[in-house]
Amino acid sequence: MTTDAYPLHPIRTETDYQAALKQAAPYFDQEPDPDSEAGAHFEALLVLIEAYEAKHYPIEPPDPVEAIKFRMEQMGLSPRDLEPMIGGRGRVSEVLNRRRPLSLNMIRRLHDGLGIPAETLIRATHA
């Protein structure tokens, strides 16, 4: 694929975005060498696409309780495994059922113990 046929330009509209996705599609099937001209073109195209998506299709961080439940599922943990990070069985139940907010100490221990980003844990929970 020659990159001369596909000059790069800012993505400002949905039409531009769709055209950029179409232009990038062949690269996913056969990724070019990063050190080649095509590789540089692909990388620059991805930067433009990601910038447009970040502005027009932002992804909100997950709800803290949902993040905890997701990590529990990933790691095969039970509520009992959270007790060292949250407190007794009742407190874990209250947190997982959204009846008790996370304290700063809980956030620190969950971040350290489960690797959940602190930014996610400090967000307000959704009822």
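Just so we're clear, the structure is a prediction, and the values are computed from it rather than from any experiment. (Residues numbered from 1 in each chain as written. Predicted model: local features only at pLDDT ≥ 70, side-chain atom pairs only at ≥ 80, totals over all residues. Heavy atoms only, no water.)

A. Spatial organisation of the UniProt feature "domain: HTH cro/C1-type" (unreviewed entry) in the protein chain. Per the UniProt record, "domain: HTH cro/C1-type" (unreviewed entry) is found at residues 68-121. Span residues 68-121 is 65% helix and 0% strand, its end C-alpha atoms 8 Å apart. (UniProt positions renumbered as here; feature names shortened; annotations may be inferred. Helix = DSSP H or I, 4+ residues; strand = E, 2+ residues; numbered from the N terminus.)

B. Local environment of the nonpolar core. Ile-68, Leu-82, Ile-86, Leu-102, Leu-110 and Leu-121 are the most contacted members of the largest nonpolar core, which has 16 residues in total. Elements that contribute at least two residues to this core include exactly helix H3 (64-75), helix H4 (83-86), helix H5 (89-96) and helix H6 (104-114). The greatest single-element share of this core, amounting to four residues, is contributed by H6. Apart from the residues lying within four places of it in its own chain, the contact partners of Leu-102 are Pro-64, Ile-68, Val-95, Ile-107, Leu-110 and Leu-121. (Core = buried A, V, L, I, M, F, W, Y, C linked by side-chain atoms within 4.5 Å. Buried < 20%, exposed > 50% of the residue type's maximum accessible area, 1.4 Å probe, protein only. Contact = heavy atoms within 4.5 Å.)

C. Quick peek at the environment of Arg-89. Mapping Arg-89 onto the fold places it in helix H5. What makes Arg-89 exposed here is its relative accessible area of 62%. In contact with Arg-89, other than residues within four places in its own chain, are Arg-80 and Glu-83.

D. Spatial organisation of H3. Taking 1.5 Å of rise per residue, the twelve residues of H3 would be expected to cover 16 Å, and the 16 Å separating its terminal C-alpha atoms lies within 8% of that figure. Considered for burial, the residues of H3 that qualify are Pro-64, Val-65, Ala-67, Ile-68 and Met-72. All buried residues of H3 fall inside an arc of 160° around its axis, so they share one side. The elements touched by buried residues of H3 are H5, H6 and helix H7 (118-121). (Expected span 1.5 Å × (residues − 1). Arc of directions from axis to C-beta.)

E. Geometry of the pattern of salt bridges. In the structure shown here, the tally under the stated rule is four salt bridges. The partner of Arg-123 in a salt bridge is Glu-60, and the shortest N-O contact between them spans 3.8 Å. Placement of Arg-123 in the segment after H7 and of Glu-60 in the loop between helix H2 (37-56) and H3 is noted, with a sequence separation of 63 residues between them. Residue classification places Glu-60 among the exposed positions, given a relative accessible area of 56%. (Salt bridge = Lys/Arg side-chain N within 4 Å of Asp/Glu carboxyl O.)

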